[in-house]
Amino acid sequence: MSYSTSVDFGKLKAAMVAEQLIPRNISDKAVLEACRRVPRHEFVPEKLRQSAYSDYPLPIGENQTISQPYMVALMTECLKLKGGEKVLEVGTGSGYQAAILGEIAGEVYSVERFKDLADNADRVLGLLGYKNIHIKVGDGTLGWSDFAPYDGIVVTAGAPSIPESLVKQLKDGGSLVIPVDRGGFGQVLTLVERIGQTTRTSDICACTFVPLVGKEGWAE
Ligand code: SAH
């Protein structure tokens, strides 16, 4: 038996929720349940599987990372999903955050700029049986207008500022969660709530994400 097959991933997954999420005040039952269900080890490269449930991000190729479990849970909790919503994710990466969203929301649309990452995420999500997660290759700073407006939008890469296109694709009452650069002070996870034609913006916490590269993001 290889090392990887002898690891009890179910036990590690339960410990991740009990030791990393609950003590840090993730309390939304739907989010905790989603984190208990989604097999995170299926979304990381084979040789890193034994670290899949550890308290940090991991490399997934193309110089990109799968976010730390706590950050995925926190961003999802910010959307206050009840079930049945239409959600946009910018930065599919491994597909793990999309799976967490897919467990709770009705439909998930996710945009990734690297084709090989998008293809791999699509393959893993297909194998796991997700039918409500739709992935496209493109510049997610422009959103995905075909399916807009969205109840929630999650950006999983750090932006220089809040992309106007994403705010426009948010439903009235919807929430956008996005890491935004504070020039020299690092990134701040920012929540933007749309209220009619206005928005309310609040800081959640300091964070570190790979750069959001695109027309309304950083230059290549
Ligand atoms: N949500 C991912 C995290 C991936 S890291 C997960 O759960 O694994 C962020 C991802 O954003 C990277 O894959 C990167 O390629 C992608 N990205 C960066 N800028 C982008 C853009 N403008 N449009 C779409 N994807 C982008």
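Residues numbered from 1 in each chain as written. Predicted model: local features only at pLDDT ≥ 70, side-chain atom pairs only at ≥ 80, totals over all residues. Heavy atoms only, no water.

1. Some words on unusual backbone geometry
The phi angle of most residues is negative, glycine excepted, and most peptide bonds adopt the trans form. Put simply, the rule is: Runs of H or I in DSSP of at least four residues are treated as helices and runs of E of at least two as strands, each being numbered from the N terminus.
Here the bond from Ala148 into Pro149 is cis, since omega is 0°, no more than 30 degrees from zero. Note on placement: Pro149 falls in the loop between β5 (133-137) and β6 (150-155). Although it is not a glycine, Glu62 sits at a positive phi angle of roughly 55°. Structurally, the position occupied by Glu62 is in the loop between β1 (58-61) and β2 (64-66). With phi around 50°, Lys80 is a residue other than glycine that occupies positive phi space.

2. Quick notes on the site of the ligand
This is how it is decided: Proximity criterion: a residue is near a molecule or strand once any of its heavy atoms comes within 4 Å of it. By the criterion applied in these results, polar contacts are pairs of N or O atoms within 3.5 Å in which, for protein atoms, one can donate a hydrogen and the other can accept it, and in which residues neighboring in sequence qualify only through two side-chain atoms. Surface accessibility in these figures is a Shrake-Rupley result with a 1.4 Å probe; residues are shielded only by whichever protein chains are displayed.
In the region of the ligand, 26 residues are neighbours, and Glu89, Ser94, Glu112, Gly140 and Val213 sit closest. Between the ligand and the protein, one listed contact pairs a nitrogen atom with a backbone N or O atom of Gly140 at 2.8 Å. Expressed as a share of its isolated accessible area of 580 Å², the protein-covered part of the ligand is 99%. Elements supplying a minimum of two residues to the shell around the ligand: β2, α5 (96-104) and β4 (107-112). With three residues, the single largest contributor to the shell around the ligand is β2.

3. What about the pattern of salt bridges?
Two side chains of opposite charge can pair, provided their charged atoms sit close to one another. In plain terms, the rule: Take a side-chain nitrogen of Lys or Arg and a carboxyl oxygen of Asp or Glu: if they are within 4 Å of each other, that pair is a salt bridge. Exposed residues in this analysis have more than 50% of their type's maximum accessible area, buried residues have under 20%, and partly exposed residues fall in between, with area computed by a 1.4 Å probe over protein chains only.
Per the counting criterion, the structure on display carries nine salt bridges. With its nearest N and O atoms 2.8 Å apart, the salt bridge here joins Asp203 to Arg182. Residue Asp203 is located in strand β9 (residues 198-207), and its partner Arg182 is located in the loop between β7 (170-181) and β8 (187-195); the two are separated by 21 residues in the primary sequence. Judged by relative accessible area, Arg182 falls into the partly exposed class, the value being 36%. Of the charged contacts in the structure, one is a salt bridge between Arg200 and Glu193, with a shortest N-O distance of 3.4 Å.

4. Let's talk about the packing of helix α2 (residues 9-21) against helix α3 (residues 29-37)
If you want to describe how two helices pack, look at the angle between their axes and the distance between the axes. As a reminder, the rule being used: Lines fitted to the C-alpha atoms define the axes, with helices restricted to the stretch that makes contact. Angles between their N-to-C directions range from 0 to 180 degrees. Handedness of a helix crossing follows the sense of rotation of the near helix relative to the far helix, less than a right angle counterclockwise being left-handed and clockwise being right-handed. Here a residue-residue contact requires only that any non-hydrogen atoms of the pair lie within 4.5 Å. Each residue is assigned to one class: nonpolar for Ala, Val, Leu, Ile, Met, Phe, Trp, Tyr, Cys and Pro, charged for Asp, Glu, Lys and Arg, and polar for all the others, Gly among them.
Relative to each other, α2 and α3 sit at 145°, their axes nearing to 8 Å. Crossing of α2 against α3: the hand is right-handed. In contact with Lys13, Met16, Val17 and Leu21 of α2, α3 contributes Leu32, Cys35, Arg36 and Arg37. Classifying every residue of the contact of α2 with α3 by side-chain character gives five nonpolar, no polar and three charged.

5. Let's talk about the nonpolar core
Which entries qualify depends on this criterion: Nonpolar core, defined: a set of buried Ala, Val, Leu, Ile, Met, Phe, Trp, Tyr and Cys residues in which side-chain atoms within 4.5 Å join the residues together.
The biggest cluster of nonpolar side chains holds 50 residues, and the ones touching the most others in it are Leu21, Ile26, Cys35, Phe43, Tyr96 and Leu125. Top contributing element to this core by residue count: helix α4 (residues 69-78), with seven residues. Sequence-distant contacts of Phe43, that is, excluding residues within four places in its chain, are made with Val38, Ile60, Ile66, Ser94, Gly95, Tyr96, Ala99, Val124, Leu125 and Leu128.

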